[in-house]
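Structure at a glance
Given next are the chains, with one letter for each unit.
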Amino acid sequence: MYLSPLVPRGIPTARYPGPSAFRMPSQHRGWFTKNHNMLVVGLTGGIATGKSTVSTLLKARGLPIVDADVIARQVVEPGTPGLAKIKAHFGDKVILGDGRLDRKALGDIIFKDASQRAKLNAIVHPAVRKAMFWEVVRYWFRGEKVCIMDVPLLIEGPLHKMVGRVVVVYCSEEIQLQRLMLRDGSTREDALSRLRSQMPIAEKVQYADIVIDNSGTPHDLEVQIDDLVARLNKDAGWVWRLSWLFPPFAIASAAAVLLWRMVLQKKRAKRSKRN
């Protein structure tokens, strides 16, 4: 889902656990988890955990960002097929006088009706995924060795299965609530309702290869981001240049990594059901 740009916008408290947070479990290491292409990283989090801040810090350190929120706005701009489909289904009531999407009117509809929300997702998601794919390809052609895909609801969709690493930004539920109330000027009840409408951050962490704890100070976060950038550059290594120079190698190695990640996801799903 990429609803945040279309409409007006827990894990227990813990200190940052240090370098161990950047280590995948030993059974997940091996040839299949090594990067042989440009390393594509999926960045996600929960509402008010600070994912956008992390994305900004990564961009400031020179990492290219493919922002799902930005792309989601672009695919529903006036004159796009996406906006035409939204208008055809929802009617003129979701279109402003200047031809732009009325996000508030659309939000009033989809937050009250799950079937309408599903219809919107069916219109927007394919267009966003296609645009994000070509953005990643563009960075690959430029010779980038790491690319960040900033996707708010990465885990809820299929994209988390298609990246080389999943980075989850989290903080405690209480901190989420306080930030949300401060940001939106909402009551605790409204903020809690908003929080409960999303997948709990504790569940998202189960899919993470790397966890960023944004419960502390801005300095704490900066230190973690520096560690993260160093780790991603190390993981990217040098073999990715072979895939850039020899595309068939890129295709074969990418397919192997994605297949292995699908296997891991199935194992995680089975463990979750047992628990």
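Anyway, here's the lowdown on the structure attached to this text. Here the structure is a predicted model, which means the values were calculated and not measured.

**Description of the packing of helix α3 (residues 81-90) against helix α5 (residues 114-141)**
Direction vectors running N to C along α3 and α5 enclose 155°, while the axes themselves pass 9 Å from each other. As far as their axial angle goes, α5 and α3 are roughly antiparallel. Both α3 and α5 take part in a crossing whose hand is right-handed. Residues Gly82, Lys85, Ile86, His89 and Phe90 of α3 form the contact with α5, whose own contacting residues are Gln116, Lys119, Leu120, Ile123 and Val124. Class assignment of the residues belonging to the contact of α3 with α5 gives a composition of 5 nonpolar, 3 polar and 2 charged.

**Structural notes on the packing of helix α6 (residues 173-184) against helix α7 (residues 188-196)**
A packed helix pair is summarised by two numbers, namely the angle formed by the two axes and the spacing between the axes. Running from N to C, α6 and α7 point in directions that differ by 120°, and their axes come no closer than 9 Å. On the basis of their axis angle, the class for α6 and α7 is oblique. Two packed elements cross with a definite hand, and for α6 against α7 that hand is right-handed. On the side of α6, the interface is formed by Glu173, Glu174, Gln176, Leu177, Gln178, Leu180, Met181 and Asp184, while α7 contributes Arg188, Ala191, Leu192, Arg194, Leu195 and Arg196. Across the contact of α6 with α7, the residue classes break down as 6 nonpolar, 2 polar and 6 charged.

What counts as what
- Sequence order sets the numbering: in each chain, residues are counted from 1 along the sequence as written.
- The predicted nature of this model means local features are confined to residues of pLDDT at least 70 and side-chain atom pairs, given and counted, to a pLDDT of 80 or more, with totals for whole chains, interfaces and linings taken over all residues.
- Side-chain measures were taken over the full set of non-hydrogen atoms in the model, leaving aside hydrogen atoms and water.
- Orientation is described by axes fitted as lines to C-alpha atoms, over the contacting stretch for helices, and by angles from 0 to 180 degrees between their N-to-C directions.
- Going along the chain from the N terminus, every DSSP run of H or I of four or more residues is numbered as a helix, and every run of E of two or more is numbered as a strand.
- Angles are sorted into four bins: roughly parallel if under 35 degrees, roughly antiparallel if over 145, roughly perpendicular if 65 to 115, and oblique for all others.
- With the far helix as reference, a near helix turned anticlockwise by less than a right angle produces a left-handed crossing, and one turned clockwise produces a right-handed crossing.
- Note on contacts: a residue pair qualifies if any of its non-hydrogen atoms lie within 4.5 Å across the two residues.
- The classification used treats Ala, Val, Leu, Ile, Met, Phe, Trp, Tyr, Cys and Pro as nonpolar, Asp, Glu, Lys and Arg as charged, and all other residues, Gly among them, as polar.

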